[in-house]
Amino acid sequence: MKIKVARHMGLCFGVKDAIQLAEETAKTGPVTIFGPLAHNPSIKNRLLEQGIEFTEQHQHARTDTLIVTAHGTSDRMRQEINEAGFDVKDATCPLVHFAHRSLKKLVSDGYYPVIIGKEDHIEVRGLTGDLDAYTVVSQASDIDQLPPAERMGIISQTTQPIDHVESLVEYIKAKFPESEIRFTDTVCHPTKQRQKSAIELGQQSDVVIVIGGRTSNNTRQLSRTVSRFCDRVYQIEKVEDLNRNWFESADAVGITAGTSTPDEVIQPVIEQLRLWDNAECPASVRMETQAKVMAD
Ligand code: SF4
């Protein structure tokens, strides 16, 4: 059995930087992370073990220092937490800042803002938090509810699959031929790389394992993307979720992981598959398991 590991997978630089900021800040005193830093229980547990607290509402924070996560927040909320007296550390990813700037530009140029993404996702709440009027769409049926506007400006949540985003943009253009539509591509580069690698993995594998938190949007999106090319796709959170039966008669097994999945969760999965492979094949016919890095 060949084990193929996607070239681009796992933690992105934005989440890595945010974790580093939280850990360094925690060494200097008590700190609370405002909202989910990464949608992964292993990362959350690691930070909790260091005494770092989490809160969804800043009013409940018990520390003087508050960290805004990589997903960012609205200017209104930023002002609110500053006025509440917190020492605010900002881990907003620069690519989320780009999405905020792009949205502001569209609005100031007179376009009705349309955001492609999940309305309840922390990043989307941050993007829409300063707007009085906007629409969030996640699928074609949402577009049927869009109010007609002379000018529409579209951006997307940074972790949406770019082909999904582009197809919704085309749908909006077709549905509102009279409107002037301006689209700014705010899907982040790490997400695009991971999606592209996942497609290659799906095309070349009999079974694909997608590793990531159950509440991780980008992990779910990866699973969906791979499922278009491979019938046997399993999303797991940790090595204990693996089921040996999934790999029956599989020659090639692909592994990928969401942008919030750390290496310490990915490596045990690779090791377990190697163990099962070696145990199953008689020494005479055993093929050496390869962790083949796929071409980008
Ligand atoms: S997924 Fe993209 S936008 Fe979000 S933190 Fe990572 S690099 Fe930044």
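Above this text is the structure in question.
About the cut-offs
Residues numbered from 1 in each chain as written. Predicted model: local features only at pLDDT ≥ 70, side-chain atom pairs only at ≥ 80, totals over all residues. Heavy atoms only, no water. Axes fitted to C-alpha atoms, helices over the stretch in contact; angles between N-to-C directions. Helix = DSSP H or I, 4+ residues; strand = E, 2+ residues; numbered from the N terminus. Parallel < 35°, antiparallel > 145°, perpendicular 65-115°, else oblique. Left-handed = near helix turned anticlockwise from the far one by under 90°. Contact = heavy atoms within 4.5 Å. Nonpolar A, V, L, I, M, F, W, Y, C, P; charged D, E, K, R; others polar. Pairing = 2+ DSSP bridges.

Colleague: Looking at this model, I keep getting lost on the packing of helix α1 (residues 13-28) against helix α2 (residues 41-49). Mind explaining?
Modeller: Any two packed helices are characterised by how steeply their axes cross, that is the angle between the axes, and by the distance between the axes. One way to put it is that α1 packs onto α2 with a least axis distance of 10 Å and a crossing angle of 15°. One element, α1, and the other, α2, form an angle in the roughly parallel class. Both α1 and α2 take part in a crossing whose hand is right-handed. Along its contact with α1, which presents I19, A22 and E23, the element α2 presents I43, R46 and L47. Tallied by class, the residues present in the contact of α1 with α2 amount to four nonpolar, no polar and two charged.

Colleague: When you look at the sheet that holds strand β4 (residues 65-68) in this model, what are you seeing that I'm missing?
Modeller: Strands pair in a sheet through their backbones, by hydrogen bonds, and they do so in one of two ways: parallel or antiparallel. Strand order in this open sheet of four strands is β3-β2-β4-β5, and the pairing throughout is parallel. Bordering the open sheet on either side are β3 (53-55) and β5 (87-90), each of which pairs with just one other strand. Recorded for the sheet is a direction-independent mean angle of 30° between the axes of neighbouring strands. Alignment of strand β2 (residues 31-34) against β4, held across four bridges, turns out to be parallel. Residue pairing for β4: I33 is matched across the bridge by I67. Across the face of the sheet, helix α3 (residues 75-83) comes into contact with β2, β4 and β5 while running at roughly 145° to β5.

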